[in-house]
Amino acid sequence: MDQQHLPAEIDLERPNAARTYDWALGGTANWAIDREYGEQALKAYPQLRVAVRANRDFLGRAVRYCLANGVNQFLDLGSGVPTMGNVHEVADDIDDESRCVYVDIEPVAVAHSRILLEETGDPERHAVLHADLCDAEQVWEAAMETGILDPGRPIALLTVAVLHFLPDPTGVREAIRDYRALLPPESLYVLSHLSHSDVADGEQSQLRRLENVSKQSSTPGVLRTHEEIQAFFGDFELVEPGLVPVGQWHPDAAQDPGAEVRTAVGGVARKPRVG
């Protein structure tokens, strides 16, 4: 994005997770401060690029799983800067009647998403909201007001690689609880998150260093255990194989390099029918 067309509220004084994630994927919606931060993060956690790619691949597989199981409308919270394999692009390749509402608090992510949707989207099926995902009721109301999502049919809620930037004092647990309550029965919840559980001591040390590096950014990270992450699903029923390293969730190929990443876990859960 041209510097002169930057959103007025953008903060270029500190690096930002969404823009650094874009850098790690090889995107261009980032600035020198984000790239410098990314290099520091990569030094702390050498698996960073592989983990980011593995997470992005998990997103694509999860979207395809939702479609294969009859859910073709998506509410993507903390959607980030759009890059290859966005939710609506993956979904539209399979179902040209799929629907998606993106939500992000980062102005650059929202601005780029709007540009992308102008180029590849359908205003009757795709939208982006500039909002804080922790404001669950307001986000839900705004998403429904777009007319894109039908609250009478199952919806896929996504929080992919975003909750580890939201410590519990932000109210994120209460917000996710509220989203779960608002979702129609048979909806699916897709989640991925960095975790220091069940990893080697060396990887735990790397993640701790990454956590410390993140404190200089506008979006400091927080590590959670497997049990703390699984709690976000509440009483939703985890589909097989449960909450596992993202590269091991319905892998496309046995030799996927992301299969070796154990520090990022993901899963999909279904909201039970009432009664």
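Presented here is an overview of the structure given in this document. All values derive from a computational prediction rather than experimental measurement.

The rules behind the values
Residues numbered from 1 in each chain as written. Predicted model: local features only at pLDDT ≥ 70, side-chain atom pairs only at ≥ 80, totals over all residues. Heavy atoms only, no water. Core = buried A, V, L, I, M, F, W, Y, C linked by side-chain atoms within 4.5 Å. Buried < 20%, exposed > 50% of the residue type's maximum accessible area, 1.4 Å probe, protein only. Helix = DSSP H or I, 4+ residues; strand = E, 2+ residues; numbered from the N terminus. Contact = heavy atoms within 4.5 Å. Salt bridge = Lys/Arg side-chain N within 4 Å of Asp/Glu carboxyl O. 1 Å grid on protein atoms, 1.4 Å probe; cavity = no way out; pocket = protein on both sides within 12 Å on 5 of 7 lines; lining within 4 Å. Points joined across faces, edges and corners; volume = space filled by probe spheres on them. Nonpolar A, V, L, I, M, F, W, Y, C, P; charged D, E, K, R; others polar. Pairing = 2+ DSSP bridges. Right-handed = clockwise from strand over helix to strand, strands pointing away.

**Re the nonpolar core**
One finds Val-63, Phe-74, Val-87, Leu-158, Val-190, Trp-249 and Val-268 to be the most contacted residues of the largest nonpolar core, which totals 43 residues. The element that contributes the greatest number of residues to this core is helix α3 (residues 48-68), accounting for 11 residues. Beyond its immediate stretch of four places on either side in the chain, Phe-74 contacts Val-63, Cys-66, Leu-67, Val-87, Ala-91, Arg-99, Cys-100, Val-101, Leu-149, Ala-156 and Leu-158. Counting residues in hydrophobic clusters, the runner-up holds 34 residues, among them Ile-176, Tyr-179, Phe-232 and Leu-243.

**With respect to the pattern of salt bridges**
As enumerated under the stated definition, the model contains 12 salt bridges in all. One salt bridge connects Glu-211 with Arg-208, and the closest N-O pair in it is separated by 3.1 Å. With Glu-211 and Arg-208 both in helix α8 (residues 201-214) and 3 residues apart, the pair spans about one turn of that helix. What makes Glu-211 buried here is its relative accessible area of 18%. Judged by its relative accessible area of 37%, Arg-208 is partly exposed. What you see here is one network of salt bridges that share partners, running through Arg-19, Asp-34 and Glu-106.

**Observations concerning empty space enclosed by the protein**
Under the defined criterion, the tally for this structure stands at 1 cavity of 30 Å³ or more. Volume-wise, the largest cavity comes out at about 40 Å³. Lining the largest cavity are Ser-79, Gly-80, Pro-82, Asn-86, Tyr-102, Ser-113 and Leu-116. Partitioning the lining of the largest cavity into residue classes produces 3 nonpolar, 4 polar and no charged.

**Description of the pairing of strand β8 (residues 264-270)**
Buried residues dominate β8, accounting for 7 of its 7 residues. The two faces of β8 match: Ala-264, Gly-266, Val-268 and Arg-270 on one face and Val-265, Gly-267 and Ala-269 on the other face are all buried. Pairing of strand β5 (residues 188-194) with β8, which is carried by 7 bridges, proceeds in the antiparallel orientation. Bridge pairing in β8 links Leu-188 to Arg-270. Across 2 bridges, the pairing between strand β6 (residues 237-238) and β8 is antiparallel. Among the inter-strand pairings, Leu-238 is bridged to a residue of β8, identified as Ala-269. The sheet contact formed by strand β7 (residues 244-245) and β8 spans 2 bridges and is antiparallel. Bridge pairing in β8 places Pro-245 opposite Val-265.

**Section: the pairing of β5**
The buried fraction of β5 amounts to 7 of the 7 residues, a majority that puts the element mostly inside the structure. With burial as the criterion, each face of β5 is covered, one bearing Leu-188, Val-190, Ser-192 and Leu-194 and the other bearing Tyr-189, Leu-191 and His-193. Here 5 bridges tie strand β4 (residues 156-160) to β5, and the two strands are oriented parallel to one another. Note on β5: the bridge partner recorded for Leu-157 is Tyr-189. Read from β4 through helix α7 (residues 172-182) to β5, the crossover connection turns out right-handed.

**Here we look at unusual backbone geometry**
That bond from Glu-240 to Pro-241 is cis: its omega, 5 degrees, falls within 30 degrees of zero. Checked against the element boundaries, Pro-241 lands in the loop between β6 and β7. Of note in this structure, Ala-161 is not a glycine but carries a positive phi near 55 degrees. Among the secondary structure elements, Ala-161 is positioned in the loop between β4 and α7.

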